[in-house]
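Okay, here's what each chain looks like letter by letter:
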Amino acid sequence: EARRLELELAADPGHFGSHRAMAAAHMRLGEAQAALPHLETCLAMRPDDVDTRFQLGRMLSALGRWDEAEPHLAAAAAARNDGDAWSELGLLHRRRGDPERAIPAFRRALERDADHTPALLNLGQLLVRTGEVEAGTELLERHRQRAVLEDRLDHLRRPRPEGQRP
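If you're wondering where the values come from, they're calculated on a predicted model, not measured in any experiment. (Residues numbered from 1 in each chain as written. Predicted model: local features only at pLDDT ≥ 70, side-chain atom pairs only at ≥ 80, totals over all residues. Heavy atoms only, no water.)

Caption draft 1: The arrangement of the packing of helix α4 (residues 50-62) against helix α5 (residues 66-80) in detail. Relative to each other, α4 and α5 sit at 145°, their axes nearing to 8 Å. Handedness of the crossing formed by α4 with α5: left-handed. On α5, the residues that touch Val50, Asp51, Arg53, Phe54, Leu56, Gly57, Arg58, Leu60 and Ser61 of α4 are Trp66, Glu68, Ala69, Pro71, His72, Leu73, Ala75, Ala76, Ala79 and Arg80. Residues that form the contact of α4 with α5 fall into these classes: 11 nonpolar, three polar and five charged. (Axes fitted to C-alpha atoms, helices over the stretch in contact; angles between N-to-C directions. Helix = DSSP H or I, 4+ residues; strand = E, 2+ residues; numbered from the N terminus. Left-handed = near helix turned anticlockwise from the far one by under 90°. Contact = heavy atoms within 4.5 Å. Nonpolar A, V, L, I, M, F, W, Y, C, P; charged D, E, K, R; others polar.)

Caption draft 2: Up close: helix α6 (residues 83-95). Relative to the 18 Å expected for 13 residues at 1.5 Å per residue, α6 spans 18 Å between its end C-alpha atoms, a close match to the ideal helical length. With 10 of 13 residues buried, α6 is to be regarded as a mostly interior element. Within α6 the residues assigned to the buried category are Gly83, Ala85, Trp86, Ser87, Glu88, Leu89, Gly90, Leu92, His93 and Arg94. Against α4, α5, α7 (99-112) and α8 (117-129) lie the buried residues of α6. (Expected span 1.5 Å × (residues − 1). Buried < 20%, exposed > 50% of the residue type's maximum accessible area, 1.4 Å probe, protein only.)

And the structure:
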């Protein structure tokens, strides 16, 4: 796949879809730095593309480039208004050591998706650390239950040899 994408980009360096696919491939491999130029190219081509801003913000945040990441994640959270975007913005604030801004972002993530596993974990941990032990413990228990359920669902989705039961 990577070779095909490289050939497409060599033939047409301005092909948005190829840059998006190359960025996605790097993100799947955990290569945030390698994904950046492709995401930046996509954003230059389509400045209003919310998903590109979200992914660029995620990669910059993962690299510790929080000042650069914040406007992208804030714009994505405002536009998408979903659990993933708000949770990523909360995670950025948490990584910065700013629980006063992280907590409201995680709360907004849970308002959009009450079962958002990363938001349950992060908000629960932050609440416990900031003295709201009971509320934090409740969220951490919900996270534990969701994680067990997700693990069971993953187990059921795994391919099985012919005739083997899950």
